[in-house]
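# Examination of the molecular architecture
For reference, the chains in residue letters:
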Amino acid sequence: MGEGLEQLSHVSDRAGVGAGMIPRWVAPCVVVAFAFVMYASGGFVGDYASRVMLDTGIMMIAAVSLTIVNGFTGQFSIGHAAFMAIGGYVSGWLTYYGLLATLGRTTDLGAEHGWLLLPAAIIGGLAAAGAGWLVGLPSLRLRGDYLAIVTLGFGEILRVLLQQTDRQRFSSQEMSEVGLLGLIVPPDVGGASGFESIPKLTNLAWVYLMVGAVILFAIRLKYSSYGRAMLAIREDEIAAESMGVNVTRMKVRAFMFAAFFAGVAGTLYAHQPGTLLRPADAGYARSFDIVIMVVMGGLGSISGATLAAIVVSLLNVGLLELADYGAMKWRMPIFALLLILIMIFRPQGLFGLREIWDFFRSRDRTGGGR
Amino acid sequence: MSLLEVKNLGISFGGLRAVQDFSLSIPPGGLFGLIGPNGAGKTTVFNLLTGVYAPSDGTIELAGRSLVGLRPFQIAEAGLSRTFQNIRLFPDLTVLENLKIAMHLRGRHTLAGTILRSGHFRATEADQTRRAMELLSIFDLTDRADAYARNLPYGDQRRLEILRAMATQPRLILLDEPAAGMNPAEKLALAESIRRIRTDFGLTVLLIEHDMTLVMDVCERITVLDYGQIIAVGEPAAIQKNPKVIEAYLGEVANER
Amino acid sequence: MADFLQTLLNAVTIGSLLALVALGYTMVYGILKLINFAHSDVVVLGAWTSVTLAVVLLPRLGVGLEAGSIPPVWAGVLVLVLAMMICGGVGFLIERLAYKPIRKAPRLNALITAIGVSLLLQNVGQLQYTIIDNQSLETSGLMQERGTDARTIRLAQAIELEEGTQYAIRLYRIADIVRATEAIGHPEAEAWKRYVTERSALPSLGTLSDTRLRLSPRTIVPEVSGRFEAGSDIGIAQPIGRSETRDAVFELYAISPHPPLKLPFGAMPQRIPELLPQKTLVQHDFTTEIAQADGSVVRIEKPLRITLLDIVIVGTAVILMLLLELLVYRTKVGRAMRALSYNMETAQLMGIPVNRIVSLTFVIGAMLAAAAGFLYALKYTQIQQPAHTTWVLLGLKAFVAAVVGGIGNLRGAVVGGFLIAFIEQFGAYLGQQAGWQNSSAYTDVFAFVLLIIVLLVRPAGLFGSAVREKV
């Protein structure tokens, strides 16, 4: 992908040429162009393929965003799905009731409503980032494994709370009877049976625009003063703090960045055709899926997480194809076993901290990879 | 007016007084030594100075500003940097990245600038790279800039730690056993470099070292710790003759035998 | 008063279960500094093994578990001991195969491995591999009769229903089918959608039991037999009910009398046979008088019951805790364990067989987990294999108990277990008293709020001591 070019500026940097070899607007343009191609191809690929591509894209966003916390700062969050759920529920609440109030319907929307997804994703992301701040702040006094438990607990609490939410309203008349406050406290998002009829605004272009955005964000973050400070925390927290890195602040920020993009992924998921947002989406099962991708790809490797998300999604599709032979039930046992074997035989994951392109210029780096 | 002024510093772990009544005054540009037998509390003093541990009592002032209660990164910001006895580099990052992390607090930019790769961002990055390469040239490490820190030989890792501490642009640098594991030739070169750090970069240095030749060679003034307490302060020549110091060290040698 | 005492009793019972599980977490953490994520899954395994043993083994030993008969005491003890041994073995294997290779690796890797082991146990436990199925599809069709009291299904083809064979009718809502087929991109998805909008020909059936669709049909057992022609209606004894009949498809299955041959796991709930007589040991009726608005007084009698089950649970837990206490503080092995938890390298130098002691720790932890699982299955007779949230939450809460008590500290874990149980039980009780409608739904939230408070105020837990990292 075009972001690989970013890296070249890093090399030239070393040679003292200055960071100007590739103009900085190239990478964003590549992202937008790719999203446009996706938009144009939407009609061609067919329902099934496009559904697989949507799922894959959303998982890519989730995996890359989790890389910022688990890979860069070396903290271990296993409640990422909770942030997705927050993004999904908040943005879904907005678009569902917003459209119900203004249009009187949430289905059969025309292309002219497509833009609504962008503000929805931003608000969903911000809500999730706020939650990330809330969870991150107290957790930062905790060592890695406690943090894992707290994030897991957060997801479970959220799931329980979402199950207790009120019945969804299905007409604007019902809405006006309840009033705005009644819609908010407690939120009428359908409780245990799920939040139905969220407007289906997600399409390939939106998903892959966001995929590009999160990858670009993560790469530019990684190769900057910010990202290096985060990596330093992962490498050696005490040394990082002694070298002037405000560890607490960096961890909170990493948490918020990751949560933001998880919220975006959740928004896309909530508005995706054929999905039903349910409280279980906040639970541990989905979080573990994302963790598996990040660990498989290599903790800290953006390209690794992206690739792992694709591989895992395609593996899911493959197992689905073999479902008639009872393949689906082997999915999680296979992934779990894979996780253990990776930890025993290749603990740094596929790529470790490195990116794919690092391997093509290993000659540059005396001593090579690890 | 001294740069570092420590008075009656003390800390206890559980019931044990690890360091007590530690006082030290270093003038700007000084090159001081802190020695003592194993377990005397030298590294604990460093940890107290850099905020890793919070002192139970006493005061620490750097150029008149109190450091007690500050977090380690704030102390680094105030101009006090250190190396570690057991090397604590960032092993999976490159030599260059190790140095640039230490420059983090002197060259920040906004998140937007970082993500959009603003002109300011690029200028700072280029400037940091240039300064890092300059630092590397002190120890002839420029051609290792892109090596991963974990792949450096032991001696180079120690040298890189010193450079990393210097990259924070400190006024006072604390070196914790910089010569550990080096051969005599390397130690000579190190002694020379430490002098250069002081003269060329105008740094004040406080050094913990077990190698007496090195300490006596480079330090102007030495503080000796034993069981957490100062037992002697003075010029190298006087310290060498101090009976208390000899006893502390001989006692240790005798115990080891 | 009765409610209060009943809450107290519940808290003690649940507390002793949590404490048993928490002990396993804290023992492993004390020695390996590892959160053994798989521990809660061993608890489930313990419950599962107990049920399977009771169902499979006891009848063969001549212990009839027919309704009304009281099983001998040794039957329960046998099941418990065997379950503990099996789980102990599993604990040993987990440690040797998964944790030992990464013992020196960074803590994060150990944590990920533990998560992997947990996922593996959970999902292998869910595998329900049917080797010989016991049901076959006879016919299917569209529900013709509608409404909540529908009592017939109309056949599209002739069918012979034999006497003695059991049949099951599954009803699928068409709305569900459309959603499910669309969700997985099923080849028939378009056809179903078209059927809904245009009422065109019914798409081919017979694929609805496809696991990919994840449909949960409503099942009815018809009690009829004989030959039925196409177009005839089969009457069903009880009304089909509910709204499924509004727009639904039925499938008629024949169930053979032989049970299907399956792996002993599965996601379906299972019930443990009664191993204990349902005896109430203490019963005391409390009378509450409530003054009504019109001046009259209404008396409500509420009984407090202490059952044999409660006593057995608390008793077994206490006995096991005392045994553990003896083992750790009064034996040579226990001393070795404590030495390991201080410093593994030094302990090794002192000639302590580290590998053996670590294995033993896992085995003991797993055995306690199995006991907790057994007791849990006795109390909540219907158990569901893994991924069932109750179990995950049980494990999490036990971990919270261990942390609250100060992880690595055995007595702390016990205190923590009871503390968590008290807080969630009384939290729900007080919430109810204060008029909070479904406060019991929030019990899990209380436990985690406590965790966060403890970690913030006293990160080392109530009885733990802070460990300083060496710089």
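Residues numbered from 1 in each chain as written. Chains lettered and ligands numbered in written order. Predicted model: local features only at pLDDT ≥ 70, side-chain atom pairs only at ≥ 80, totals over all residues. Heavy atoms only, no water.

### Some words on the overall build of chain C
When you go through chain C residue by residue, the secondary structure sums to 13 helices and 14 strands. For chain C, with 471 residues in total, the buried portion stands at 47%. Taking contacts inside chain C between residues at least 6 apart in sequence as the whole, the part at least 24 apart equals 76%. Accessible surface, chain C: about 22600 Å² in total, of which carbon and sulfur atoms supply 58%. (Helix = DSSP H or I, 4+ residues; strand = E, 2+ residues; numbered from the N terminus. Buried < 20%, exposed > 50% of the residue type's maximum accessible area, 1.4 Å probe, protein only. Contact = heavy atoms within 4.5 Å. Areas by Shrake-Rupley, 256 points an atom, 1.4 Å probe, with all protein chains shown as cover.)

### Overview of the overall build of chain A
Across its full length, chain A holds 14 helices and zero strands. Going residue by residue from the N terminus, the α and β elements of chain A occur as α-α-α-α-α-α-α-α-α-α-α-α-α-α. For chain A, the computed accessible surface area is about 13200 Å², with 67% contributed by carbon and sulfur atoms.

### Some words on the confidence of the model for chain C
When the pLDDT values of chain C are averaged, the result is 79; 81% of them are 70 or greater. Model confidence for the complex is summarised by a pTM of 0.81, with the ipTM given as 0.90. (pLDDT = per-residue confidence, 0-100.)

### Thoughts on the sheet that holds strand β8 (residues 204-208) of chain B
Think of a sheet as strands paired side by side through backbone hydrogen bonds, with each pair either parallel or antiparallel. Residues and elements named next belong to chain B. One open sheet accounts for six strands, arranged β6-β7-β8-β3-β9-β10; its pairing is mixed. At either end of the open sheet lies a strand with only one pairing partner, and these are β6 (80-82) and β10 (229-234). Between one strand and the next, the sheet's axes are offset by a mean angle of 20 degrees, whatever the strand orientation. Judged from the three bridges that link them, β6 and strand β7 (residues 172-176) form a sheet pairing that is parallel. (Pairing = 2+ DSSP bridges. Axes fitted to C-alpha atoms, helices over the stretch in contact; angles between N-to-C directions.)

### Some remarks on helix α12 (residues 284-297) of chain A
Between its first and last C-alpha, α12(A) extends 20 Å over 14 residues, near the 20 Å set by a 1.5 Å rise per residue. Counting buried positions over the 14 residues of α12(A) gives 13, a clear majority of the element. (Expected span 1.5 Å × (residues − 1).)

### Re the interface of chain A and chain B
Counting residues at the interface gives 45 residues for chain A and 47 residues for chain B. Summed over both sides, the interface between chain A and chain B buries roughly 4200 Å², with carbon and sulfur atoms accounting for 56% of that surface. For the pair chain A and chain B, the interface holds four salt bridges. Among the elements of the structure, α1 (3-15), α8 (204-222), α9 (225-235), α10 (237-242) and α11 (247-270) of chain A are those that each provide at least two residues to the side of chain A that touches chain B. It is α9(A) that contributes the most residues to the side of chain A that touches chain B, eight residues altogether. (Buried area = accessible area lost by both parts, 1.4 Å probe. Salt bridge = Lys/Arg side-chain N within 4 Å of Asp/Glu carboxyl O.)

### Some points on the side chain of A:Thr106
All names here are of chain A. Within the fold, Thr 106 resides in the loop between α4 (80-102) and α5 (117-139). For Thr 106, the side chain forms a polar contact with the main-chain oxygen of Ser 197, separated by 3.0 Å. Beyond its immediate chain neighbours, meaning those up to four positions away, Thr 106 contacts Tyr 96, Leu 99, Leu 100, Ser 197 and Pro 199. (Polar contact = N/O pair within 3.5 Å; in protein donor to acceptor, adjacent residues only side chain to side chain.)

### Some thoughts on the packing of aromatic side chains
Taken as a whole, this structure holds 18 aromatic pairs over all chains when the rule is applied. The interplanar angle of 55 degrees and the centroid separation of 5.1 Å between the aromatic rings of A:Phe217 and A:Phe261 together place this pair among those described as tilted. Within this pair, whereas A:Phe217 is found in helix α8, its partner A:Phe261 is found in helix α11, the two being separated by 44 residues in sequence. Accessibility assignment for this pair places A:Phe217 and A:Phe261 in one class, buried. With a centroid separation of 6.0 Å and an interplanar angle of 65 degrees, the aromatic rings of A:Tyr284 and A:Phe288 are classed as edge-to-face. Of this pair, A:Tyr284 and A:Phe288 both sit in helix α12, four residues apart, which is roughly one turn of that helix. This pair shows no difference in class: A:Tyr284 is buried, exactly as A:Phe288 is. An aromatic cluster is present here, built from A:Tyr89, A:Trp93, A:Tyr96, A:Tyr97 and A:Phe195 joined pairwise through their rings. Over the ring of C:Tyr329 we find C:Arg411; its NZ or CZ atom is 4.6 Å from the centre of that ring. (Phe/Tyr/Trp six-rings, centres within 6.5 Å; stacked < 30°, edge-to-face > 60°. Lys NZ or Arg CZ within 6 Å of the ring centre and 35° of its normal.)

### A few points about the pairing of strand β4 (residues 57-62) of chain B
All names here are of chain B. Of the pairings in the sheet, the one linking strand β1 (residues 4-13) to β4 comprises five bridges and is antiparallel in character. Within the sheet, the bridge partner assigned to Glu 5 lies in β4 and is Glu 61. Where β4 and strand β5 (residues 65-66) come together, two bridges link them in antiparallel fashion. Within β5, the position partnered with Leu 62 by the bridge is Arg 65. Connecting β4 to the antiparallel partner β5 that follows it, the hairpin turn spans two residues, and Ala 63 within it adopts a positive phi of roughly 50 degrees.

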